There are 4 protein chains.
Amino acid sequence: MIQTKFQSCIEACLNCIALCNQCAVACLNEKDVAHLKKCIQLNLECVAICQAAANVLSLDGKFSKEICKLCIEICNACADECEAHANMGMEHCKECAEACRKCAQACEEMIKAA
Amino acid sequence: MIQTKFQSCIEACLNCIALCNQCAVACLNEKDVAHLKKCIQLNLECVAICQAAANVLSLDGKFSKEICKLCIEICNACADECEAHANMGMEHCKECAEACRKCAQACEEMIKAA
Amino acid sequence: MIQTKFQSCIEACLNCIALCNQCAVACLNEKDVAHLKKCIQLNLECVAICQAAANVLSLDGKFSKEICKLCIEICNACADECEAHANMGMEHCKECAEACRKCAQACEEMIKAA
Amino acid sequence: MIQTKFQSCIEACLNCIALCNQCAVACLNEKDVAHLKKCIQLNLECVAICQAAANVLSLDGKFSKEICKLCIEICNACADECEAHANMGMEHCKECAEACRKCAQACEEMIKAA
């Protein structure tokens, strides 16, 4: 890998995108989807911002730190919401929350290191 | 249109994506591509952030203002770079710079109105 | 505009992205969200494919026709689903279906012209 | 992981996005960027299509197979181009070609299994 400096952060963002998309679709297929609409909306917003972060970092962009700061905020907001449902037996929310927290942490480390 | 409040901002972001992609490819096909590499890199970063902004706004996301703030920064950075080349006869840079400035302005207005 | 040949198709794809995202979020906020889950899922898939189409076209990509063919399929599938709900008074589905049909038609024209 | 069936394919697509973006920027910073413009353009097109594939698969979309078929084509086209430069000492092209081939293979396997 060439630009190893951001690699773990890029990977954490990409993993978060996949888990958020999967959580959104799994939520849609839950019986009580009405209670999960905030979760789905945050999942989709998280996908949008993590996708920008992964692209900006892999392009070695000028605003890498700024997009990572925003990524931390949305990832933690999404994780907060997911964790509430994770405690109610929704495995997809549990896995999504973990991916979001890991992504937020990877972004924190990227900002410190940059 | 339902969410008319952000509509002109979303459209400005989407237009900016198209013009930045087109500018990047047109730059690649210029003879003196070596002088345009900073322009191409900013074009691509601008696409990534405008794409996030358009998605977050159309999802009526929690971080709409924050992503628009970042969008203003990258759009102005990209426009600054493009304008330098626009003065040297590159039509794609001129058009791209205009789309970036319009997008930055639409984001400013969105932030004030939100 | 430089690459006018694909311009109207790019614009139709970008418009479709915005309307599909907005339809997804509006569906999530409907009382009977359980009946709209297929619609939401198609909306999101349509966003993903239209985004690729808009990017590939604006990059003047090698697989422009192929991505447009796939775009026609997802846009028509999404429009079919939205139209069912449009008839039941959901304005966001009506607008989304229109954007999807226009996008499918613009892709058809692009394929013929290319 | 919930939807384990597509997981390795999603991961291969996401990895390919990161490596293609990095290859594009590394190419831009090579001395002889003029010889690499086809490579950069294919890199960017590959990012666009892999991003759609990763999103459609993680949304468990209706057109998962179709987007994967297109993903195989662009990944192999990008790998062919990158391999030519990889033999001339460009490490980023070598790594990118490998990621593209792995992604194409993962898409082949996904199509067979689906």
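Residues numbered from 1 in each chain as written. Chains lettered and ligands numbered in written order. Predicted model: local features only at pLDDT ≥ 70, side-chain atom pairs only at ≥ 80, totals over all residues. Heavy atoms only, no water.

If you check an unreviewed UniProt entry, chain A appears there as Four-helix bundle copper-binding protein from Flagellimonas profundi.

**Some details on the relation of the copies chain B and chain C**
What counts here: Residues below a pLDDT of 70 in either copy are left out; the C-alpha atoms of the rest, at least 70 in both, set the least-squares superposition of the copies. Contacts are assigned to residue pairs with any non-hydrogen atoms lying within 4.5 Å of each other.
Note on the copies: chain B fits chain C at an RMSD of 0.0 Å, the axial shift is 0.0 Å, and the rotation between them is 180°. Viewed as a symmetry operation, the transformation between the two copies matches a two-fold axis. Rotation axis and chain B: the residue whose C-alpha lies nearest the axis is B:Leu14, separated from it by 3.1 Å. Most of the interface of chain B is mirrored in chain C: 95% of its interface residues are interface residues there too.

**Quick notes on the environment of A:Leu36**
Definition in use: Only DSSP runs of H or I with at least four residues qualify as helices, and only runs of E with at least two residues qualify as strands; both kinds are numbered from the N terminus onward.
Mapped onto the fold, A:Leu36 is located in the loop between helix 1 (7-28) and helix 2 (37-58). Setting aside residues no more than four positions away along its own chain, A:Leu36 makes contact with A:Cys27, A:Glu30, A:His85 and A:Met90.

**Section: the packing of helix 2 (residues 37-58) of chain D against helix 3 (residues 64-86) of chain D**
How two helices sit against one another is set out by the angle between their axes and by the gap between those axes. All names here are of chain D. Test applied: Between the N-to-C directions of two axes lies an angle of 0 to 180 degrees, each axis being a line fitted to C-alpha atoms and, for a helix, fitted only over the stretch in contact. Each angle receives one of four descriptions, namely roughly parallel if under 35 degrees, roughly antiparallel if over 145, roughly perpendicular if within 65 to 115, and oblique otherwise. Handedness of each helix crossing follows the sense of rotation of the near helix against the far helix: counterclockwise by less than a right angle gives left-handed, clockwise gives right-handed. Under the scheme applied here, ten amino acids are nonpolar (Ala, Val, Leu, Ile, Met, Phe, Trp, Tyr, Cys and Pro), four are charged (Asp, Glu, Lys and Arg), and all others, including Gly, are polar.
It is at 9 Å that the axes of helix 2 and helix 3 come closest, and there the two elements cross at 155°. The angle between the axes of helix 2 and helix 3 places the two elements in the roughly antiparallel class. Viewed along their axes, helix 2 and helix 3 form a crossing whose handedness is left-handed. On the side of helix 2, the interface is formed by Lys38, Cys39, Leu42, Asn43, Glu45, Cys46, Ile49, Cys50, Ala52, Ala53, Val56 and Leu57, while helix 3 contributes Ser64, Ile67, Cys68, Leu70, Cys71, Ile74, Cys75, Ala77, Cys78, Glu81, Cys82 and His85. For the contact of helix 2 with helix 3, the class distribution of residues is 18 nonpolar, three polar and three charged.

**Some words on the packing of helix 3 (residues 64-86) of chain B against helix 4 (residues 91-113) of chain B**
Residue and element names in this part refer to chain B. Look at helix 3 against helix 4: their axes get within 8 Å of each other, and the N-to-C directions meet at 155°. Between helix 3 and helix 4, the angle falls in the class roughly antiparallel. For the pair helix 3 and helix 4, the crossing hand works out as left-handed. Among the residues making up the contact of helix 3 with helix 4, the classes are represented as 17 nonpolar, three polar and seven charged.

**Some thoughts on the layout of surface pockets**
Basically, it comes down to this: Note on definitions: the grid is 1 Å and covers protein atoms alone; a cavity is a set of points where a 1.4 Å probe fits but cannot get out; a pocket is an open set with protein on both sides within 12 Å along at least five of seven lines; lining residues have an atom within 4 Å of a point. Grid points are joined across faces, edges and corners, and a volume is the space filled by probe spheres set on the points.
Empty space within the largest pocket amounts to approximately 160 Å³. If you trace the largest pocket, you find it lined by A:Gln7, A:Ile10, A:Glu11, A:Leu14, A:Asn15, D:Glu11, D:Leu14, D:Asn15 and D:Ala18. When contributions to the lining of the largest pocket are tallied by element, the ones reaching two or more residues are helix 1 of chain A together with helix 1 (4-28) of chain D. The element that contributes the greatest number of residues to the lining of the largest pocket is helix 1 of chain A, accounting for five residues. Per-class residue counts for the lining of the largest pocket are four nonpolar, three polar and two charged.

**Here's the deal with the interface of chain B and chain C**
The figure often quoted for interface size is the accessible area lost as the parts come together. The cut-off we apply is this: A simple way to read buried area is as the amount of 1.4 Å-probe accessible surface that goes missing from two parts once joined, with both sides added. Within this document, salt bridges are pairs made up of a side-chain nitrogen of Lys or Arg and a carboxyl oxygen of Asp or Glu, the two lying within 4 Å of each other. By the criterion applied in these results, polar contacts are pairs of N or O atoms within 3.5 Å in which, for protein atoms, one can donate a hydrogen and the other can accept it, and in which residues neighboring in sequence qualify only through two side-chain atoms.
Chain B puts 21 residues into the contact, and the matching count from chain C is 20 residues. In total, about 2000 Å² of surface goes out of reach between chain B and chain C, with carbon and sulfur atoms giving 57% of it. If you look at where chain B meets chain C, you find zero salt bridges. Our count for the chain B to chain C interface comes out at six residue pairs in polar contact (both at pLDDT 80 or more). Broken down by secondary-structure element, the contributors of at least two residues to the side of chain B that touches chain C are helix 1 (7-28), helix 2 (37-58) and helix 4 of chain B. Looking at side-chain class alone, the side of chain B that touches chain C contains ten nonpolar, eight polar and three charged residues.

**As for the interface of chain D and chain A**
At the interface, 21 residues of chain D touch 21 residues of chain A. Summed over both sides, the interface between chain D and chain A buries roughly 2000 Å², with carbon and sulfur atoms accounting for 57% of that surface. Across the contact surface, chain D and chain A share six residue pairs in polar contact (both at pLDDT 80 or more). For the side of chain D that touches chain A, the secondary-structure elements that each account for two or more residues are helix 1, helix 2 and helix 4 (91-113) of chain D. Broken down by element, the residue count for the side of chain D that touches chain A peaks at nine residues, all from helix 1 of chain D.

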